[in-house]
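Close look at the chain arrangement
So the chains spell out like this:
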There are 2 protein chains.
Amino acid sequence: MSKEIPYKIYLDEKDIPSSWYNMRADMKNKPAPLLNPGTRQPMTAQELSGVFCEELVKQELDETTPYIEIPQEIRDFYKMYRPAPLVRAYCLEKKLGTPAKIYYKFEGNNTSGSHKLNSAIAQAYYAKKQGLKGVTTETGAGQWGTALSMACAYFELDCKVFMVKVSYEQKPFRREVMRTYGASVTPSPSETTEVGRKILAEHPGTTGSLGCAISEAVEVATHNEGYRYVLGSVLNQVLLHQSVIGLEAKAAFDKYGIRPDMIIGCAGGGSNLGGLIAPFMGEKLRGEADYRIIAVEPASCPSFTRGKYAYDFCDTGMICPLAKMYTLGSGFIPAPNHAGGLRFHGMSTTLSQLYHDGYMEAVTAKQTDVFEAAEYFARVEGILPAPESSHAIKVAIDEAKKCKETGEEKTILFGLTGTGYFDLVAYEKFNNGEMDDYIPTDAELEEALSRLP
Amino acid sequence: MSKEIPYKIYLDEKDIPSSWYNMRADMKNKPAPLLNPGTRQPMTAQELSGVFCEELVKQELDETTPYIEIPQEIRDFYKMYRPAPLVRAYCLEKKLGTPAKIYYKFEGNNTSGSHKLNSAIAQAYYAKKQGLKGVTTETGAGQWGTALSMACAYFELDCKVFMVKVSYEQKPFRREVMRTYGASVTPSPSETTEVGRKILAEHPGTTGSLGCAISEAVEVATHNEGYRYVLGSVLNQVLLHQSVIGLEAKAAFDKYGIRPDMIIGCAGGGSNLGGLIAPFMGEKLRGEADYRIIAVEPASCPSFTRGKYAYDFCDTGMICPLAKMYTLGSGFIPAPNHAGGLRFHGMSTTLSQLYHDGYMEAVTAKQTDVFEAAEYFARVEGILPAPESSHAIKVAIDEAKKCKETGEEKTILFGLTGTGYFDLVAYEKFNNGEMDDYIPTDAELEEALSRLP
């Protein structure tokens, strides 16, 4: 007889994972290496360590170690907000009248409001351990910047955040949380960097982009003694740290002998999706189990579904290494979708390889459909979701409705990456019926892709 | 040997309290009854049921039943966000270098961002059960309005919120969360009510007050078929519902054989404090145990510490019943302190009686000291606290510092009632050094108190 499943499955504190899981160790086709933008040769550890912390460079390049121990200091920090609950969406199931069993792994119960803290604390820890003064980064929607500010406050590291100017102006509260945690926040492009001044000279009045903020943050890290650059998504190291999401979800399922049929996550740079699916993908890669894995991306920024699998720059300034990934071209400027965390032109190299090899599917969702699902979910399950997470909600609801038609009792897991408290301008637009859908034309995509390096 | 105490003590879902605890049953001196503003006679159940739901009137008047069962439908909703964790503030203790053991009961992990949901869902349930169409209420800071909107969305009840105009304008995001949950939100005073029009005529351009919004909400409830008025604090029924906070906290302590030495909570109308202390106060009233219980109020609105224990109106329009409570006078307009939830001129009648009888202490905290404590706490414990809750943090830190001096290993419990995501305008002022402290003069208080009924 199966045990009764509570609304929220919490693991014990002692069951917080003691190691991260590295999907690459089980991949037959490894993700392609980062290339030096000058020589177009694979980046060496030495080259990378000018930009990133040493230990993180090791993790970035490690393709063979399946489990990497989580240092005790990081696990102690995790204890402040983890284990995160695996929630059975009883109320949503009832409202939909579906025989499907819906679960979500909720990562929003911390002040950064998202899963980003899982990697931010790891990156801050290694920076501290290396004896650095501080770190630099960029932030768009602000989730990553907030998470990093919290992590740096904990380890008493200096934190310099370049925030895309349009977000800086539209999201003053995000900026203020970061300041409360002691970070300095500069609107990007700024006059404080060479690359920023160059961009401002070429595009006066620009409101900035993530790619441009990355260029500025990297410049500051490489031009200041005792600083390194840190990034909240895309990189292998980030997916590694985010594997705690999936490891906890799997442990919670195992406690009740449950195996999900499908796993759904939103995908921007891939940090959440890569973390959520990690241990499940591991079983799939090793041929031990099969899962349907679905990436959901915004129709306005469809890297997987309409991009090209090719080497491209990660930043606008073209000073960062090249990555082989599904990309829309580093010159592609996505429409001002409110899911700021999903507005990156590229995608994790690891996820790109897995998608290329057929281990996962990808679908797109339109912005208004996403907010409709978000509001529906908020009213039924009581949590106001982030626009990013709501992409996964939208597809989970669609799949649950299909189960209603077919009568199948499928078990659906999706990632609820964060909360929408700082996204109420977007909700207001939706509530007022003023929200647009924007889908790039084939011609626009072709143009951006024609400029790939 | 004592068990190792985790960072967060979570009860099992089955340990969510099945009954609320009614402190009045164990009080020798019962709180004074509400009086009819016309006749000055105690309000009868019949009179009250024109304003409040029938079952809630029963709870309001019940002075003898110690435990009142929580209906299953409410417990099912509680499961979505409860049990709330009792957190051991290891990081704060370490940072302070105190031998004190600090715990906080965290009620902020739900979309309303505070403990208010505990009573909102109960009040919405009884309204639904009575077959009502909807409810009306007022909100200042917006926590209560958000909580009620969520509760009404769950039970598909109409929800009309009168929001103090200055908050409506300064906190558009609070308004938008309520709209997302389907509530209608009207800035108060408004042209939609008789009392609103009267106030606007007398005070053109006024930015409103809680007392005025109450008057409007009560008018709409009593003039519309199928509507009743609900209130988020002060009332006995609210303290009853909020007892889940204390009951859970006590159960979590009991699991580890811990007994707190002191319990600290912020006090505006008394909903959080009354809930947090309930079972501990019960033991104290029955002579089974002793606890030091400390209410913390803002220096700008010091009902307990500088008010008078007397009958007074709860609203500005003077259409509500009179309550015997510690009050600054219903005409007292507190300075625009950012802890909007603590800006009420009066105090729960139950807590007033307990304070009068010497069962608890009260202290005040200045706004800038409160925000300093808030920021300190945020950086160390990772949670951005609501300004209201930060009053308790401030005094908990003070007490922990005293323990450092004396070497005493006291166990401190405080209520962390909510999060500050919607209070970043206040944090911004603090970060910019633009925050004021305002303490009313004796002359101002005397003037307001001279107009007591």
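Everything numeric in this text was worked out from a predicted model, so none of it was measured.

How each quantity is defined
Residues numbered from 1 in each chain as written. Chains lettered and ligands numbered in written order. Predicted model: local features only at pLDDT ≥ 70, side-chain atom pairs only at ≥ 80, totals over all residues. Heavy atoms only, no water. Helix = DSSP H or I, 4+ residues; strand = E, 2+ residues; numbered from the N terminus. Expected span 1.5 Å × (residues − 1). Bend = angle between axes of the 7 residues up to and from the residue. Buried < 20%, exposed > 50% of the residue type's maximum accessible area, 1.4 Å probe, protein only. Axes fitted to C-alpha atoms, helices over the stretch in contact; angles between N-to-C directions. Parallel < 35°, antiparallel > 145°, perpendicular 65-115°, else oblique. Left-handed = near helix turned anticlockwise from the far one by under 90°. Contact = heavy atoms within 4.5 Å. Nonpolar A, V, L, I, M, F, W, Y, C, P; charged D, E, K, R; others polar. Buried area = accessible area lost by both parts, 1.4 Å probe. Salt bridge = Lys/Arg side-chain N within 4 Å of Asp/Glu carboxyl O. Polar contact = N/O pair within 3.5 Å; in protein donor to acceptor, adjacent residues only side chain to side chain. Pairing = 2+ DSSP bridges. pLDDT = per-residue confidence, 0-100.

Structural remark: α-helix, 3.6 residues per turn; residues separated by three or four positions point the same way. Residue and element names in this part refer to chain A. Taking 1.5 Å per residue, 20 residues should reach 28 Å; helix α11 (residues 236-255) reaches 29 Å between its end C-alpha atoms and fits that length. Of all the bends in α11, the greatest measures close to 30° and is centred on Q242. Within α11, 17 of the 20 residues are buried, which leaves it mostly tucked inside the rest of the structure. Backbone geometry just after α11 places G257 at a positive phi near 65°.

Two numbers describe how helix α17 (residues 424-431) of chain A lies on helix α8 (residues 172-180) of chain B: the axes approach to 9 Å, and their chain directions differ by 50°. When the axis of α17 of chain A is compared with that of α8 of chain B, the two are oblique. Relative to α8 of chain B, the crossing made by α17 of chain A is left-handed. Contacts from L424, V425, Y427, E428 and N431 of chain A in α17 of chain A reach F173, R175, E176, V177, R179 and T180 of chain B in α8 of chain B. Considered class by class, the residues forming the contact of α17 of chain A with α8 of chain B number five nonpolar, two polar and four charged.

So, on to the interface of chain A and chain B. Contacts between chain A and chain B engage 44 residues on the former and 44 residues on the latter. Each partner contributes to the roughly 4100 Å² buried at the junction of chain A and chain B, and carbon and sulfur atoms together form 55% of this total. Linking chain A to chain B there are four salt bridges. A salt bridge links R175 of chain B to E428 of chain A; the shortest N-O distance between them is 2.8 Å. Put simply, chain A and chain B have 27 residue pairs in polar contact (both at pLDDT 80 or more) between them. Among the secondary structure elements, those contributing two or more residues to the side of chain A that touches chain B are α3 (72-81), α4 (90-96), α6 (143-155), α8 (172-180), α15 (367-381) and α17 of chain A. It is α8 of chain A that provides the largest number of residues to the side of chain A that touches chain B, a total of six residues. Of the residues that constitute the side of chain A that touches chain B, the class distribution is 22 nonpolar, eight polar and 14 charged.

It is worth spelling out the sheet that holds strand β8 (residues 184-188) of chain B at this point. Within a sheet, each strand pairs with its neighbour through backbone hydrogen bonds, oriented either parallel or antiparallel. All names here are of chain B. In space, the four strands of this open sheet follow the order β8-β7-β6-β9, with parallel pairing throughout. Only two strands of the sheet have a single partner each, and these edge strands are β8 and β9 (227-229). Neighbour-to-neighbour, the strand axes of this sheet turn through a mean angle of 25°, independent of strand direction. Most of the contacts of α8 go to strand β7 (residues 158-164), to which it runs at about 175°, and overall it touches β6 (134-139), β7 and β8. Sheet strands touched by helix α10 (residues 210-223): β6, β7, β8 and β9. Its angle to β6, the strand with the most contacts, is close to 170°.

Where the model shows low pLDDT, its predicted coordinates should not be examined in detail. For chain A, the average pLDDT comes to 95, and 100% of its residues sit at 70 or higher. Confidence estimates for the predicted assembly give a pTM of 0.95 and an ipTM of 0.93.

A word on the pattern of salt bridges. Side-chain pairing between opposite charges can occur once the charged atoms of the two side chains come close. One pass over the structure, following the stated rule, counts 58 salt bridges over all chains. Put simply, D15 of chain A and K14 of chain A hold a salt bridge, and the shortest N to O gap is 3.6 Å.

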